[in-house]
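Residue-level listing of the chains:
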Amino acid sequence: MKQNQTQNEPKIQRCKRCKKRARMEEVNLCPICYEKKCKEMEKEFEQSKQLFRKWYLKRDWLVLDTESTGGGREDEIIEIGITDATGTILFESLVKPSQPIPKRTTDIHGITDEMVQDAPAWSEIWPEVGSIIQGKTVLMYASDADIMMIRRTCKKYQLPLISYDPRCVMKMYKQLHRDERFVSLTRALGQKEIEYTPSHRATSDCEGLRLLVLSIGGQLVEEEAQV
Ligand SMILES: [Zn+2]
């Protein structure tokens, strides 16, 4: 009987955040840190709602996606696509890397060495790409990867970086749903019942992202109007 009682009590553990020992609330946080986390999530939820609404109402943003040889230090961009908020393709090109494309990444996007053989190098397209995105709000799905690849590929060819305002829709989507984990673009589209399957090629992924943003934004604007 006594043993049963102790089993039902919350365990004393080390808090994931403040490292103090306490009775844990959910997700290995002490009551104080748990409350803080809830407040943060609420704030992030409001921020993401505001952004999706803004993106729906003011369509002055671009969508960008890249495909690459991989996610490592020496990897390079092999395709880039940029569209505007109406879905018009502003730029689309395969890019010839200075290294072979590993099979494991070809399996994802389907881009082969043969396909990029006659494509321009990054150094040839960067001036145009840079001039399109300079000073613009640029939406991406998992922007960290694209931003890093742009930076690395520019560094590889000793090209100047430009300034733009990158926004990660994957992060905003997570905040909007108070999710613990990120979901893929394909999964997000499925969750929102948008009938579009991005092909993991640059402009196709751009279109999927654009449809996702406008669908979510449109719904939020509509909800707000009803209140
Ligand atoms: Zn704590």
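These numbers come from a predicted model, not from an experiment. (Residues numbered from 1 in each chain as written. Predicted model: local features only at pLDDT ≥ 70, side-chain atom pairs only at ≥ 80, totals over all residues.)

K.L.:
What's the story with the UniProt feature "domain: Exonuclease" (unreviewed entry) in the chain in this structure? I'm lost.
P.N.:
Per the UniProt entry, the sites bearing "domain: Exonuclease" (unreviewed entry) are residues 60-222 in this numbering. Between the C-alpha atoms that bound residues 60-222 the distance is 20 Å, and the span itself is 45% helix and 18% strand. (UniProt positions renumbered as here; feature names shortened; annotations may be inferred. Helix = DSSP H or I, 4+ residues; strand = E, 2+ residues; numbered from the N terminus.)

K.L.:
So what exactly am I meant to see when it comes to helix H7 (residues 169-176) here?
P.N.:
Given 3.6 residues per turn, any residue in an α-helix points the same way as the ones three and four places further on. Among the residues making up H7, those that are buried are Val-169, Met-170, Met-172, Tyr-173 and Leu-176. Buried residues in H7, looked at end-on, bunch into an arc of 165 degrees, giving them a common side. Where the residues of H7 are buried, they touch helix H2 (31-57), strand E6 (137-140), strand E7 (165-168), helix H8 (185-191) and helix H9 (202-226). One or two residues past the end of H7 sits Arg-178, with phi positive at roughly 50 degrees. (Buried ≥ 20, exposed ≤ 12 C-beta atoms within 10 Å, placed from the backbone. Arc of directions from axis to C-beta. Contact = placed C-beta atoms within 7 Å.)

K.L.:
Please clarify how the domain arrangement of the chain should be interpreted in this entry.
P.N.:
Accessible area lost when the parts come together is the quantity often used to give the size of an interface. Entries for the chain in the domain assignment read domain 1 (2-41) and domain 2 (52-226). Put simply, the middle of domain 1 and the middle of domain 2, counted by C-alpha atoms, are 39 Å apart. (Domains from an automatic or database assignment.)

K.L.:
Can you walk me through helix H5 (residues 122-133) in this structure?
P.N.:
By the burial criterion, the buried members of H5 are Trp-122, Trp-126, Val-129 and Ile-133. For H5, the buried positions fall inside an angular range of 80 degrees around the axis, keeping them on one side. Facing away from the buried side of H5 by over 90 degrees, the exposed positions are Pro-127 and Ser-131. Elements that come into contact with the buried residues of H5 comprise strand E3 (62-68), strand E4 (77-84), strand E5 (89-94), E6 and helix H6 (143-156). The first or second residue beyond H5 is Gly-135, which carries a positive phi of 75 degrees.

K.L.:
Help me understand the nonpolar core, please; the structure alone is not making it clear to me.
P.N.:
Counting 40 residues, the largest nonpolar core has Phe-52, Leu-64, Val-169, Leu-209 and Val-213 as its most contacted members. Looking at which element gives the most residues to this core, the answer is H9, with 7 residues. With residues near it in sequence (within four places) discarded, Phe-52 still touches Met-172, Leu-176, Val-213, Ile-216, Gly-217 and Leu-220. (Core = buried A, V, L, I, M, F, W, Y, C linked by C-beta atoms within 7 Å.)

K.L.:
What is the right way to look at the sheet that holds E3 in this model?
P.N.:
By definition, the strands of a sheet pair up through backbone hydrogen bonds, in either a parallel or an antiparallel sense. Judged by pairing direction, the sheet is mixed, and its 5 strands sit side by side in the order E5-E4-E3-E6-E7 without closing on themselves. Of all the strands in the sheet, just E5 and E7 have a single pairing partner and so form its edges. Taken over all neighbouring pairs, the strand axes of this sheet differ in orientation by 25 degrees on average, direction set aside. Where E3 and E4 come together, 7 bridges link them in antiparallel fashion. (Pairing = 2+ DSSP bridges. Axes fitted to C-alpha atoms, helices over the stretch in contact; angles between N-to-C directions.)

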